[in-house]
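What follows is each chain in one-letter form.
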Amino acid sequence: MSKEEGALIGAPYSYFLVAKGAKGAVLANDINAQLQKLIADSTLSAISQKYFHGDYAPK
């Protein structure tokens, strides 16, 4: 793990654990693409408001 990756572990909403390798890279790209869609259309903010009573979605 790089120093930069290690620094992200303590930050909320920063990472998912996926296997290294080709399948893990594909999965990580798919997850990131879907998260970007949820952020762009404010769905992630709405989910955050509903379940956590605050907007904790990344901007």
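Refer to the structure presented above.
Here is a short report on the structure shown in this document. (Residues numbered from 1 in each chain as written. Predicted model: local features only at pLDDT ≥ 70, side-chain atom pairs only at ≥ 80, totals over all residues. Heavy atoms only, no water.)

**Some words on the overall build of the chain**
When helices and strands are counted, the chain shows three helices and zero strands. Helices and strands appear in the chain in the N-to-C order α-α-α. Here the chain holds 59 residues, and the buried ones make up 8% of them. Of the accessible surface of the chain, which amounts to about 5,000 Å², a share of 62% is contributed by carbon and sulfur atoms. (Helix = DSSP H or I, 4+ residues; strand = E, 2+ residues; numbered from the N terminus. Buried < 20%, exposed > 50% of the residue type's maximum accessible area, 1.4 Å probe, protein only. Areas by Shrake-Rupley, 256 points an atom, 1.4 Å probe, with all protein chains shown as cover.)

**A short note on the side chain of Ser45**
Its location among the elements puts Ser45 in helix α3 (residues 43-52). Judged by its relative accessible area of 19%, Ser45 is buried. Beyond its immediate stretch of four places on either side in the chain, Ser45 contacts Asp55, Ala57 and Lys59. (Contact = heavy atoms within 4.5 Å.)

**Some words on the environment of Ser45**
Sequence separation between Ser45 and Ala57 is twelve residues; the distance between their C-alpha atoms is 5.3 Å. A polar contact is formed between the side chain of Ser45 and the side chain of Asp55, at a distance of 3.1 Å. (Polar contact = N/O pair within 3.5 Å; in protein donor to acceptor, adjacent residues only side chain to side chain.)

**Concerning the side chain of Ser48**
Looking at the secondary structure, you find Ser48 in helix α3. The buried category is assigned to Ser48, whose relative accessible area is 5%. Not counting residues within four places of it along the chain, the set of residues in contact with Ser48 comprises His53, Gly54, Asp55, Tyr56 and Ala57.

**A short note on a nonpolar patch on the surface**
A cluster of nonpolar residues, Ile47, Tyr51, Phe52 and Tyr56, forms a patch on the protein surface that exposes about 460 Å² of accessible area. Within the secondary structure, Phe52 sits in helix α3. (Patch = residues over 30% accessible without salt bridge, like charges linked within 9 Å, V, L, I, M, F, W, Y side chains within 5 Å. Salt bridge = Lys/Arg side-chain N within 4 Å of Asp/Glu carboxyl O.)

**What to know about the environment of Thr43**
Turning to its location among the elements, Thr43 is positioned in helix α3. What makes Thr43 partly exposed here is its relative accessible area of 28%. For the pair Thr43 and Ala57, spaced 14 residues apart in sequence, the C-alpha separation works out to 9.3 Å.

The analysis is restricted to geometry; functional conclusions fall outside its scope.
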